Amino acid sequence: MNTILVTGGAGFIGSNFILYMLDNTDGTTLVNLDKLTYAGNLANLRAAEQNPRHVFVQGDICDAALLAQLFGQYQFDAVVNFAAESHVDRSIENPGIFAQTNVQGTLALLAAARAAWEGPDGAYKPGAKFLQVSTDEVYGSLGPAGYFTEQTPLAPRSPYSASKAAADLFVAAWADTYGMPVNITRCSNNYGPYQFPEKLIPLMIHNACNNIELPVYGDGLNVRDWLYVEDHCRAIHLVLQGGRPGEVYNIGGHNERTNIDIVKTVIRLVGEMANPAASDALIRYVTDRKGHDRRYAIDPAKIDAELSWHPAVSFDEGIVRTVRWYLDNAEWLQSVTSGAYREYYNKMYNNR
Ligand code: NAD
Ligand code: TYD
C-alpha cells in the first residue's frame, strides 16, 4: 500500500502513467495534481473516473499552501513530477511560463517534499522518493554520430530545455544538499494515445486524415529517437521501485527516425487505414524552428543493466497502434481540436 503524488497527470504521459499504474499495481493510490492548462484533459482519464485509487485535484504545483495541505492529508510515499509546459515552439514564443512552471514549480514541490519527509535527525521517511521526469533535450543537440549518456554534459538550447535543465539541477541539489532520495529520468520523444495534437505525430495524423497540409520544419532531416509511451511508463515504474537514490536514468527507444520519414509513414498509414486521399502531395516544407536541435539519440544501457528495462514496442508497431488509436478515438481528437474538451472539465470540476 502506498500513495504517490503524480503531477501533470491529465497530460499526455501523466495520464498514460496513471492508467498504467492502476492496471499494474494493486495497492497504490495516485493523487493527481494538475492545473488543467490547455494541455490537461480529464477525458484522458475517463477509464479511471470510478476508480477509488485515483484522486484528482485541480491545482498548481507552484502553490506552496496547497502542496503543504496535500502532503499533510495524504502522507505521500513518492512524487512523480510530470507537470510542465512541454512544447518547444510555445517556449520560443512565451518563455516566462516555462520558467514559472518548470523551474519554480519543481522548487515548490521539492520544498514541500522535504518539509514532509525529512525528520529532525536529517533522515528521510523510509522508502520516500522524488522522481523528476526530464528530457534528453537537456543534453542539447547531437551531430550525425554518438549518443546521450548520463555523463553527457547539460547543454540545453531552447527555452523549454533550459527550464528542464534548471529544474534537474535543483533536484540534484536537493539530493546533494539536503540528502533527499531523488531520481531524474531523461527520456526521448514519446508518442502514443492522448498526445496533444500540437506535437509532430498527432498533428500529422490529424492533418493527413483531414487533407490539411503537413508542415515540415526546415529540410525534414532532423532526427528524434521515438519512445512508445507505455514503454516509458514501465520504465518510470521500475525507477520508482529500484532506481538507486541520486541517480539519473536515460530512457530511449532505439528508434531514430528523420522527421520526413515519420511524416511519410503517417501519410501512408492514414492512406491505408482511413483516407485514401492522403498523399505526399500534402507535405509542405516550412520555415525552420529557431535554434532547431538537429538530432537526439539516447544510450539506454544504464537502465537496461540496472533495471532490465528495454523498449518492448518497436517504432513500426507503435506507429501503427498510434494511428489506429487516433482513428478509433476521432471524437477525442475532435473535442481537442475544437476546444470542447475544456467544457467537459468545466462541467465536471468547476460547476458543482
Ligand atoms: P503535456 O503538455 O501533455 O502535459 C503537461 C501536464 O501538466 C498537463 O496536464 C498540464 O495541465 C499540467 N500542468 C502544466 N502546468 C502545471 C502547473 N503549474 N501545475 C500543475 N499542472 C500543470 O506534457 P507531456 O508530454 O505529458 O510531458 C510530461 C513530462 O514529460 C514533462 O515534464 C515533459 O517535460 C516530459 N517529457 C515529455 C516528452 C514528450 O515527448 N512528450 C519527452 C521528454 C520529457
Ligand atoms: P515536437 O513534437 O514538437 O517535439 P520536440 O521538439 O520536443 O522534439 O517535434 C518533433 C520534431 O518534429 C522536431 O524536430 C520539430 C519537428 N516538427 C515539424 O517538422 N513540424 C511540426 O509541425 C512540428 C510540431 C514539429
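Located above this text is the structure these notes cover.
Residues numbered from 1 in each chain as written. Chains lettered and ligands numbered in written order. Predicted model: local features only at pLDDT ≥ 70, side-chain atom pairs only at ≥ 80, totals over all residues. Heavy atoms only, no water.

Quick word on the overall build of the protein
From N to C terminus, the protein includes 12 helices and 13 strands. Since a compact globule built from 352 residues should have a radius of gyration of about 20 Å, the 20 Å found for the protein is in line with a globular shape. Along the three orthogonal principal directions, the C-alpha set of the protein runs to about 65 × 50 × 40 Å. Here the protein, with 352 residues, has 55% of them falling under the buried criterion. At a minimum sequence separation of 6, the contacts of the protein that also span at least 24 residues come to 82%. For the protein, the accessible area works out to roughly 14,500 Å², and carbon and sulfur atoms hold 51% of it. Across the protein, the centroid of the 28 positively charged side chains sits 2 Å from that of the 38 negatively charged ones. (Helix = DSSP H or I, 4+ residues; strand = E, 2+ residues; numbered from the N terminus. Rg over C-alpha atoms; globule rule 2.2 N^0.38 Å. Buried < 20%, exposed > 50% of the residue type's maximum accessible area, 1.4 Å probe, protein only. Contact = heavy atoms within 4.5 Å. Areas by Shrake-Rupley, 256 points an atom, 1.4 Å probe, with all protein chains shown as cover. Lys, Arg positive; Asp, Glu negative; His and termini not counted. Charge placed at Lys NZ, Arg CZ, Asp CG, Glu CD.)

Describing the packing of helix H1 (residues 12-24) against helix H7 (residues 229-242)
At their nearest, the axes of H1 and H7 sit 9 Å apart, and the two run at 65° to each other. When the axes of H1 and H7 are compared, the pair comes out roughly perpendicular. In the crossing of H1 with H7, the sense of the turn from one axis to the other is right-handed. Packed against H1, whose contacting residues are Phe12, Ile13, Asn16, Phe17, Tyr20, Met21 and Asn24, the element H7 presents Val229, Glu230, His232, Cys233, Arg234, Ile236, His237 and Leu240 at the interface. Grouping the constituent residues of the contact of H1 with H7 by class yields 9 nonpolar, 4 polar and 2 charged. (Axes fitted to C-alpha atoms, helices over the stretch in contact; angles between N-to-C directions. Parallel < 35°, antiparallel > 145°, perpendicular 65-115°, else oblique. Left-handed = near helix turned anticlockwise from the far one by under 90°. Nonpolar A, V, L, I, M, F, W, Y, C, P; charged D, E, K, R; others polar.)

A few points about the sheet that holds strand S3 (residues 54-58)
Strand order across the open sheet formed by 7 strands is S3-S2-S1-S4-S5-S6-S11, with parallel pairing between neighbours. Bordering the open sheet on either side are S3 and strand S11 (248-251), each of which pairs with just one other strand. Neighbour to neighbour, the strand axes of the sheet diverge by 20° on average, direction disregarded. By the bridge criterion, 4 bridges tie strand S6 (residues 182-187) to S11 in an arrangement that is parallel. Bridge pairing links Ile184 to Val248 in S11. Across the sheet, H1 lies against strand S1 (2-7), strand S2 (28-34), S3 and strand S4 (78-81), angled at about 170° from S2, the strand it touches most. Lying on the sheet, helix H2 (residues 64-74) is in contact with S1, S2, S3 and S4; it crosses S2 at an angle near 170°. (Pairing = 2+ DSSP bridges.)

Observations regarding the site of ligand 2
Of all residues adjacent to ligand 2, which total 18 residues, the nearest are Glu137, Pro215, Arg224, Arg289 and His292. Glu137 is positioned with one of its side-chain polar atoms (N or O) 2.6 Å from an oxygen atom of ligand 2. Here an oxygen atom of ligand 2 and a side-chain polar atom of Asn259 are 2.9 Å apart. Burial of ligand 2 by the protein amounts to 96% of the accessible area it has alone, namely 510 Å². Those elements giving two or more residues to the shell around ligand 2 turn out to be helix H6 (200-209) and strand S8 (214-217). For the shell around ligand 2, a count of residues per class yields 8 nonpolar, 5 polar and 5 charged. (Near = heavy atom within 4 Å. Polar contact = N/O pair within 3.5 Å; in protein donor to acceptor, adjacent residues only side chain to side chain.)

Concerning the site of ligand 1
Within the structure, ligand 1 sits among 28 residues, and Ile13, Asp34, Ser86, Tyr160 and Lys164 are positioned closest to it. Within the side chain of Tyr160, a nitrogen or oxygen atom sits 2.6 Å from an oxygen atom of ligand 1. Measuring from an oxygen atom of ligand 1, one finds a side-chain N or O atom of Lys164 at 2.7 Å. The fraction of the free accessible surface of ligand 1 (830 Å²) that becomes covered by protein chains is 97%.

What about the nonpolar core?
Of all hydrophobic cores here, the largest spans 68 residues; its most connected members are Ile4, Phe17, Val80, Phe82, Ile201, Ile303 and Trp332. Broken down by element, the residue count for this core peaks at 8 residues, all from H1. One finds Ala112, Ala175, Met180 and Ile298 within the second-largest nonpolar core, a separate group that totals 36 residues. (Core = buried A, V, L, I, M, F, W, Y, C linked by side-chain atoms within 4.5 Å.)

Some points on the pairing of S2
The buried count for S2 comes to 6 of 7 residues, which makes it a mostly enclosed element. Handedness of the crossover joining S1 and S2 through H1 is recorded here as right-handed. (Right-handed = clockwise from strand over helix to strand, strands pointing away.)

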